[in-house]
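Structural characterization, general
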Amino acid sequence: MGFSFHRPETIDAAIAFARDHGEAARFIAGGTDLIIQINRRRLAPRHLISLAGLGLDTIVETETGYMIGAMATHDAVVTYPGFQKQLIALTEASAVIGGRQVRNIATVGGNIVNASPAADLVPVLLALEATVELRGSAGVRSLPLDRFLVERGRTDRRSDEILTAVRFDKPPAASATSFLKAGRRKAMEISVICVAAHLVHNGKARIAIGAAASRTMRMPEAEALVEKQGAGAFRAAGRIAAERTTPIDDVRSSARYRKLLVATLVERALAACADRIAKGGP
Amino acid sequence: MTRHALDLLINGESHDVMVEPHWSLLRVLRGELGMTGTKENCLEAECGVCTVLLDGKAVNSCILLAEQCSGHSIVTIEGLGDPEHLHPLQAAFIEHGAVQCGYCIPGMILTAKSFLDECRGHIPSEAEVREALSGTLCRCTGYQKIVDAVIAAARQLNSWPEEAKRTS
Amino acid sequence: MSSHQHRVAGKRLNRLDGIGKVTGKHVYAADFALPGMLFGKILRSTQAHARIARLDVSKARALPGVRTILTAGEVPQIRFGTAIKDRTMLADGEVRFRGEAIAAVAATSLEIAEAAVRSIEIEYEPLPAVFDPEIAMTPDAPLVHSDWNSYEALPVFAREGNISGRSSIGDGDIERGFAEAYRIYEHRFTTQHVHPGYTEPRAAVASWDGNGDVIVWTNTQLPFDMKNMLAEVLDLPASKVRVIVPGIGGGFGGKLRVGVEHYAAWLARKSRRPVKLMTTSEEELTDAYPRQPTVVTLKTGVTSDGRLLARQGRVVIDCGAYANSGPATVAIALQVLAGPYRTPHLAFEGVAVYTNKGATGSFRAPAGPMANFAVESQMDLIADDLGIDPLELRLRNVYREGDKGPAGEALASVSIEECLTKAAAAIGWNERKPGAGRGKGIACSWWLTTGGSSGVYVRINPDGTVTLVSGAVELGSGALTGAAQILAEELAVDLADINVTDVDTHSCPYDYGAQGSRTAFSVGNACIAAARDLKRQIFEIVAAQWNVPADDMRLADKSVISGERRLSLAEVAALSQRAGGGLISHGTAIQPMPAFDPNRVKHHPLPAWTSHSYHAHAVDLSVDRVTGEVSINRYVVAQDVGYAINPTYIEGQIEGGVAQGIGQTLSEEIVYEDGRVLNANLTDYKMPTMMDMPRIECILIEKPSVNGPYGAKGVGEPPCIQPPAAIANAIAVASGVRVQSLPITAEKIALPRHGDGE
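Residues numbered from 1 in each chain as written. Chains lettered and ligands numbered in written order. Predicted model: local features only at pLDDT ≥ 70, side-chain atom pairs only at ≥ 80, totals over all residues. Heavy atoms only, no water.

Details of the packing of aromatic side chains
The condition is simple: Pairing of aromatic side chains here covers Phe, Tyr and the six-membered ring of Trp, requires ring centres within 6.5 Å, and sorts the geometry by plane angle: under 30 degrees stacked, over 60 edge-to-face, intermediate tilted. Runs of E in the DSSP output that reach at least two residues are strands. Runs of H or I that reach at least four are helices, and both are numbered from the N terminus. Working definition: with a 1.4 Å probe on protein chains only, accessible area under 20% of the residue-type maximum means buried, over 50% means exposed, and in between means partly exposed. We count a charge as sitting over a ring when the NZ of a lysine or the CZ of an arginine lies within 6 Å of the ring centre and within 35 degrees of the ring normal.
Taken as a whole and assessed by the stated rule, the structure comprises 15 aromatic pairs over all chains. Relative to Phe83 of chain A, the ring of Tyr66 of chain A has its centre 5.2 Å away and its plane inclined at 70°; by these criteria the two rings are edge-to-face. Of this pair, Tyr66 of chain A sits in strand β5 (residues 65–69) while Phe83 of chain A is found in the loop between α3 (74–79) and α4 (88–94), placing the two residues 17 residues apart along the sequence. For the pair shown, Tyr66 of chain A and Phe83 of chain A are each scored as buried. Put simply, the rings of Tyr399, Trp446, Trp447, Trp609 and Tyr614 of chain C pair up and form one aromatic cluster. Of note, Arg269 of chain C hangs over the ring of Trp266 of chain C, and the distance from its end group to the ring centre comes to 4.7 Å. Positioned above the aromatic ring of Tyr672 of chain C is the side chain of Lys357 of chain C, whose terminal nitrogen or guanidinium carbon lies 5.8 Å from the ring centre.

Put into structure tokens, the structure is as follows:
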């Protein structure tokens, strides 16, 4: 179980160390998932490279959008003033990841790179059509989050690449987001199903679903239906989404119940968005 | 694995410990420093009895590496108050019958302290307290008297901030 | 609430051990350490039923830092157990459940011990396994214990093959009863494994001294039972075993029996160093003492106006691979199933069965929630069918003062009617369905106050303080504070004047243990007895001083008073110490066993209950129309506590017990699949968080018991009995869905209504 712990002073130094040690080294952000995996002996890196202190933890508003640094904690997202209106789903999702103690340490970047299909923040970022920025020995690149996620536990990240930030555009004023989660208890839950929706008035509809397939999924057919038919199609959109998901039976839930939840929560998330648009805010 | 020296700032005092890099803060507190006020249970950030304050915020010490805590300020239950000068939270927990077996209580009190510090004078509602403390489990009390104690402590801290500063 | 004029007892006073607990100074067994201590870890079986074909510990022995390894061959294979001596410390060549201990390692660090365990090589020859108790009890099922007949067992239990115990209670003529019934109902209910969920793992440190005595510091609820059990397993006279409980972080019945103490003691003996073991969450959820799962079938015949005529039922309890308290629990289930109702014709049978799953045990109110879920769910089903209000149906049938219980024992201090009517009034019973998706449910029960003896030493010190020496463990309920309040009342001192000493079997008088809702009751009674004797001693001394008869003296205000004369207790104690060895007395207590009709019971270890308590729960909840998610709006408990020694801590027992009950009802389950636990971690074993719990409204009813201190009754266990039925009944009203298996998950409510997203 032993490893060395490294505190590189620059991002480049971190990348260089990772390049030199390959699969024997892992980056550590908050560590709330990584350390548990190491303790359970599922991972055995020989080196941990800390990403703390590299300036990756800011949340910045630009003219056209937002940049969330990969090391921003979930608590920082929950309390960020700019995310309390149209983008409130970001706080709704971040606020239900683990308990407060976890949210004070666990990071946005960690949540994404972990690529758990049940990750709570990922559906919201997908619904916002976020892009991720990676920096590695081959340089900097950006790609849509939807392409970055591959399947459970796997992303497109190379072992010497650091996820540095996630970016998305500012939604228009007449728009809303919402996030809903189902679990067996009301806190400290890994989602049985989670749903994020983003609706623009007379515009686009984006729906993303977690814990219903081997990765977080967008629902293009359901989105198209809503864009075409509006509020009257919310229930049908839910049904289509349920049909398109491939949930599993596990100790948390049966696949059948997960499909029921998908249908219901998609409908409700869309209705919540419509309601928020009508009221001018959450 | 070789050990190396790590300087940890705990309850305002500097502690020089020899650690292996994979040791959790909890392990260092309980095992190396004999500070058993912080408790051990699930070791997977699911129960909260290991909660300490890191730069004033509640965190699970069971999955934080001691290495990650170097350069930060750590507060454990031992640093909150003592039998002659209880912190208002500690006094309120006793007054309201919020303590039964007591094993979750150090973690619960620190989770509450982190929350009340963030409240900055706002008296939280019951729902707000429950949401903020939901990461720490208690099996004895059903939580009700804990919630009452936290709100009572918030009121006390709000009315007599000077006195509270002396003990917090 | 109460009309008594007590000064200390009955008051909401702060508990005696609170300051240590809020400052982190209170030392629990999990915190305890000794210099030079080794750390122990256990190798556990990965097979549900198998012979151990090969066990090779050589690689483990060779690891630097490993000091001792024990396998079954290196320790005497002594069988231990409560009802049946069926278990050995390490598997005796055959493993009977996945997770069973096979070898124990002690090393200089926990990590080395864990690495050593991982390096042990083992090969198994699988044996046929059985996981379903209803199959296990059939004649052709594979035997969990092929040598069951050679095991020693308490003679009261009837055993055969996989059946570890059979009990029955009966009265009247069951066939005649059904023949006369207007209508007959038959239902089946199932309940699941749940874990007591204490936040402090089981832990023990053992150390042997120069005389060949072993000291074990542990978080056990029963130090004297543990002492005897360890003496057996270590093959020692009991006088050479000393058990000390530094502090315990919850028990709920899961820390009654041996956990890791025997490993610690044996490893310490062989390594000649102190050894500490502590369980992990994974071990707690695979090899501990969870509540037994049950299958309950209940057939009830009623008159047209809803009076119970005949009741026939069977409780099947799944003990797992070792019987532990299964046979006794299934017997107690029969009384829960019967009451608190008058039933002329009764025929109940309980069967405890071995399966190849983890052993089980007595979790708070053993058998209570399981049997009550069945009987109280069925009462509502009957009420709905007959068109009678469920509260009214119950009131027509409940026990009244002077009735006889199922074993023919006389019932005194019966308060069930008051509990039901008060709970119903508080929840607003006349509006059972306040809105769409919302409903109210009610459930009632009765319970016992467990007997067994308690002794205390009480000493009044020359500084005026009082020392209370008790062998009873303070689990957290506040029972020792309550007993101290009674003692303070009797001696006319303040609670703050009382010091309770640590629990150490060497120096404390015997106590039957912190179990069965008995501690405050029994220790309180022992304190009253000790105080009575102390008063006699005090009055003798002062009578000699003042030349006044004892009848003219009384205790008040920390003093002896007679007319205008006053002498402080401190001074009397000083006098006694100088001249007579000091003011000290031994008080003991035991409840008398009530008379019962032995013809009504067979193989029943606890046929007649004592100091019965009565209680009713009422709940108002909402069910999401589609997802089935349950939200509890209000929860009311009306509990007859006899006398509220300290209302704050009694409320604490109710609030905490209901929380465990809500967990069992809605979210908790140790999930087994072919003998393997699928959720052996706290991520997926879901206990209620602060956001899952409603406020509990407590109505404390005081109908004094005959035997309890100031009329108190046991209070700790009852609150977890009724939540499953009360909630199931409310869910049925709110959603139209009746669920007869626990836990009642949202999924079980939603799918029958909505299929695939319709």
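Some details on the sheet that holds strand β22 (residues 559–562) of chain C
All names here are of chain C. Applicable threshold: In this analysis, strands are considered paired if DSSP registers two or more bridges between them. Axis angles are defined between N-to-C directions and span 0 to 180 degrees, where every axis is a line fitted to C-alpha atoms and, for a helix, only to the segment in contact.
Here we have three strands laid out as an open sheet, ordered β21-β22-β23, and antiparallel in their pairing. A strand with exactly one partner marks an edge of an open sheet, and here the two such strands are β21 (554–556) and β23 (565–568). This sheet shows a mean twist of 30° between the axes of neighbouring strands, independent of strand direction. The sheet contact formed by β22 and β23 spans four bridges and is antiparallel. Across the sheet, the residue bridging to Ser562 is Arg565, located in β23.

Focus on the interface of chain C and chain B
Condition: The contact definition used throughout considers only heavy atoms, calling two residues in contact when any of these lie within 4.5 Å. One side-chain nitrogen of Lys or Arg within 4 Å of one carboxyl oxygen of Asp or Glu is enough to make a salt bridge. Within 3.5 Å is the distance limit for a polar contact, defined as a pair of N or O atoms, with the added protein rule that one can donate a hydrogen and the other accept it, and that residues adjacent in sequence qualify only through two side-chain atoms. Ten residues, namely Ala, Val, Leu, Ile, Met, Phe, Trp, Tyr, Cys and Pro, are considered nonpolar, four, namely Asp, Glu, Lys and Arg, are considered charged, and the remaining ones, Gly among them, are considered polar.
Facing 54 residues of chain C, the contacting portion of chain B comprises 53 residues. Across the chain C-chain B interface, the total number found is eight salt bridges. A salt bridge links Arg139 of chain B to Glu668 of chain C, with the nearest nitrogen and oxygen atoms 2.8 Å apart. Joining chain C to chain B, the criterion identifies 29 residue pairs in polar contact (both at pLDDT 80 or more). A total of nine residues in the side of chain C that touches chain B trace back to one element, the largest contributor, which is helix α16 (residues 647–666) of chain C. Grouping the constituent residues of the side of chain C that touches chain B by class yields 23 nonpolar, 21 polar and 10 charged.

So, the pairing of strand β9 (residues 203–208) of chain C
Along any regular strand the residues' side chains alternate between the sheet's two faces. All names here are of chain C. Counting buried positions along β9 gives five out of six residues, so the element sits mostly inside the fold. Here four bridges tie β9 to strand β12 (residues 275–278), and the two strands are oriented antiparallel to one another. Its bridge partner lying in β12, Ala203 is registered against Met278. Here β9 pairs with strand β10 (residues 214–218) via five bridges, running antiparallel. By the bridge assignment for β10, Ala204 is matched with Thr218. Remark: five residues form the turn of the hairpin made by β9 and β10, two consecutive strands paired antiparallel; Gly212 in that turn has positive phi of roughly 80°.

Some remarks on the state of the cysteines
Residue and element names in this part refer to chain B. Note the cut-off: In plain terms, two cysteine sulfur atoms within 2.5 Å form what is called a disulfide here.
Using the criterion set out here, one finds zero disulfides over all chains in the structure. Free of any disulfide, Cys42 has its nearest cysteine sulfur in Cys47, 3.7 Å distant. Cysteine Cys69 remains unbridged, with the sulfur of Cys50 as its closest cysteine sulfur at 11 Å.

Some words on the interface of chain A and chain C
As a reminder, the rule being used: Buried area is understood as the total, over both parts, of accessible area removed when two parts are fitted together, assessed with a 1.4 Å probe.
Between chain A and chain C, the residue contacts involve 21 residues of the former and 33 residues of the latter. Between chain A and chain C lies a buried interface of about 2400 Å² when both sides are counted; carbon and sulfur atoms form 53% of it. Taken as a group, Arg184, Arg185 and Lys186 of chain A account for 29% of the area that chain A buries against chain C, more than any other trio of residues on that side. Counting every contact that joins chain A to chain C gives four salt bridges.

A word on the sheet that holds strand β17 (residues 454–460) of chain C
Residue and element names in this part refer to chain C. Taken in spatial order, the four strands line up as β19-β18-β17-β24 in an open sheet, and their pairing is mixed. Of all strands in the sheet, those bounded by a partner on one side alone are β19 (498–500) and β24 (583–589). On average, adjacent strands in this sheet sit at an angle of 20° to one another, irrespective of strand direction. One ladder, built from three bridges, connects strand β18 (residues 466–470) with β19; its direction is parallel. The residue of β19 that forms the bridge with Val466 is Ile498.

Looking at the environment of Phe189 of chain C
Residues and elements named next belong to chain C. For Phe189, the location among the structural elements is in strand β8 (residues 183–191). Among the residues examined, Phe189 registers a relative accessible area of 1% and is labelled buried. When residues no more than four places from it in sequence are discounted, the contact partners of Phe189 are Thr294, Val295, Val296, Phe373, Ala374, Ser377, Gln378, Leu381 and Gln740.

A short note on helix α11 (residues 255–279) of chain A
Filter applied, for reference: Multiplying 1.5 Å by the residue count of a helix minus one yields the expected span of that helix.
A rise of 1.5 Å per residue sets the reference length of α11 of chain A, with its 25 residues, at 36 Å; its end C-alpha atoms lie 36 Å apart and thus fit the reference within 8%. One or two residues past the end of α11 of chain A sits Gly280 of chain A, with phi positive at roughly 80°.

Looking at the pattern of salt bridges
Once their charged atoms are close, side chains differing in charge can pair, the charge on each being opposite to the other. Applying the stated rule across the entire model yields 91 salt bridges over all chains. A salt bridge links Arg258 of chain A to Asp250 of chain A, with the nearest nitrogen and oxygen atoms 3.2 Å apart. Judged by its relative accessible area of 3%, Arg258 of chain A is buried. Classification of Asp250 of chain A as partly exposed rests on a relative accessible area of 31%. Note that Glu126 of chain B is salt-bridged to Arg130 of chain B, the shortest N-O span being 3.0 Å.

Focus on the pairing of strand β16 (residues 438–447) of chain C
All names here are of chain C. With nine of 10 residues buried, β16 lies mostly within the body of the structure. As judged from the 10 bridges shared by β16 and strand β26 (residues 613–623), these two strands associate in the antiparallel manner. Looking at β26, one finds that Ser445 is bridged to His615.

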